[in-house]
Structure formats: structure tokens, C-alpha cells
Amino acid sequence: GTGFGNVRNLTVLAVEVAETRTFGRICNTGNQQLQVKSLKFELEDLANPKKGESLETQSVNFRDPYYVEPGQQFEFEGSRLALRGRVPGQVTVKLVDWN
């Protein structure tokens, strides 16, 4: 699916939902180090005629936190997002929160 979103100086550049894990790339757009333990995504069905309607919100949790320096792009790997029978190309994945 397509991934995007910027929340509190953390930007998602790419997201890939694989069979057992979720992979992607994030960037710290702020000026302080960020400690990232999980990303919360809103999933939107691209086939849904009601564009912009959210399917649900899910989190990708990390075994260990990531420390992302200002301006740094970082590849992440975490728990799999459940697409509920959809293939990744049918879903947009938008960052809505993180901790």
C-alpha cells in the first residue's frame, strides 16, 4: 500500500506490508532526536467509493525503540498490519500517531 503522513516531526516516506511484517522508511523532520516505539496508521480502502473513509486504525509495534536523529531517514521493521482480505495495492496507509 501507499504510505504517507507527518505527525510531530516524524514523516513516513514508504510503507510495505509483507506476509509477516511491515517494513518502511521514516524521517525525523524536527531538530531533536526522536524515540519511536510504535507507529499508528489509518488504513483507507482505495476501492471504497467513499474516498477518505477509514477502514480502521492499527499500530505497528517495534521490539526495540528506534532512535532517529534530526534529518535522518531510517528503515523500520515491525508487526504486520492486517489488511482484512485486501492486497497492499488496495489500501492507503496514513500515519496518524506514534509513540
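See the structure shown above.
Residues numbered from 1 in each chain as written. Predicted model: local features only at pLDDT ≥ 70, side-chain atom pairs only at ≥ 80, totals over all residues. Heavy atoms only, no water.

K.L.:
How would you sum up the environment of Phe23? Please name residues and give values.
P.N.:
With respect to the element layout, Phe23 can be found in strand S4 (residues 21-28). By relative accessible area, which is 31% here, Phe23 ends up partly exposed. Along the primary structure Phe23 and Glu77 are separated by 54 residues, whereas in three dimensions their C-alpha atoms are 4.5 Å apart. Sequence-distant contacts of Phe23, that is, excluding residues within four places in its chain, are made with Ala14, Val15, Glu16, Ala18, Phe76 and Glu77. (Helix = DSSP H or I, 4+ residues; strand = E, 2+ residues; numbered from the N terminus. Buried < 20%, exposed > 50% of the residue type's maximum accessible area, 1.4 Å probe, protein only. Contact = heavy atoms within 4.5 Å.)

K.L.:
Pulling in residues and values, what's your account of the nonpolar core?
P.N.:
Formed by 22 residues in total, the largest nonpolar core has its most connected members in Val36, Leu39, Phe41 and Phe76. Contributions of two or more residues to this core are made by strand S3 (10-17), strand S5 (34-45), strand S6 (54-68) and strand S8 (91-98). With 5 residues, the top contributor of residues to this core is S5. Ignoring anything within four residues of it in the chain, the contact list for Phe76 reads Ala14, Val15, Thr22, Phe23, Gly24, Arg25, Ile26, Leu39, Phe41, Phe62 and Tyr66. (Core = buried A, V, L, I, M, F, W, Y, C linked by side-chain atoms within 4.5 Å.)

K.L.:
Explain the sheet that holds S3 residue by residue, including any values.
P.N.:
Spatial strand order, S2-S3-S4-S7: 4 strands in an open sheet with antiparallel pairing. Bordering the open sheet on either side are strand S2 (6-7) and strand S7 (73-79), each of which pairs with just one other strand. Sheet analysis places S3 next to S4, joined by 7 bridges and oriented antiparallel. Note on S4: the bridge partner recorded for Val17 is Thr22. (Pairing = 2+ DSSP bridges.)

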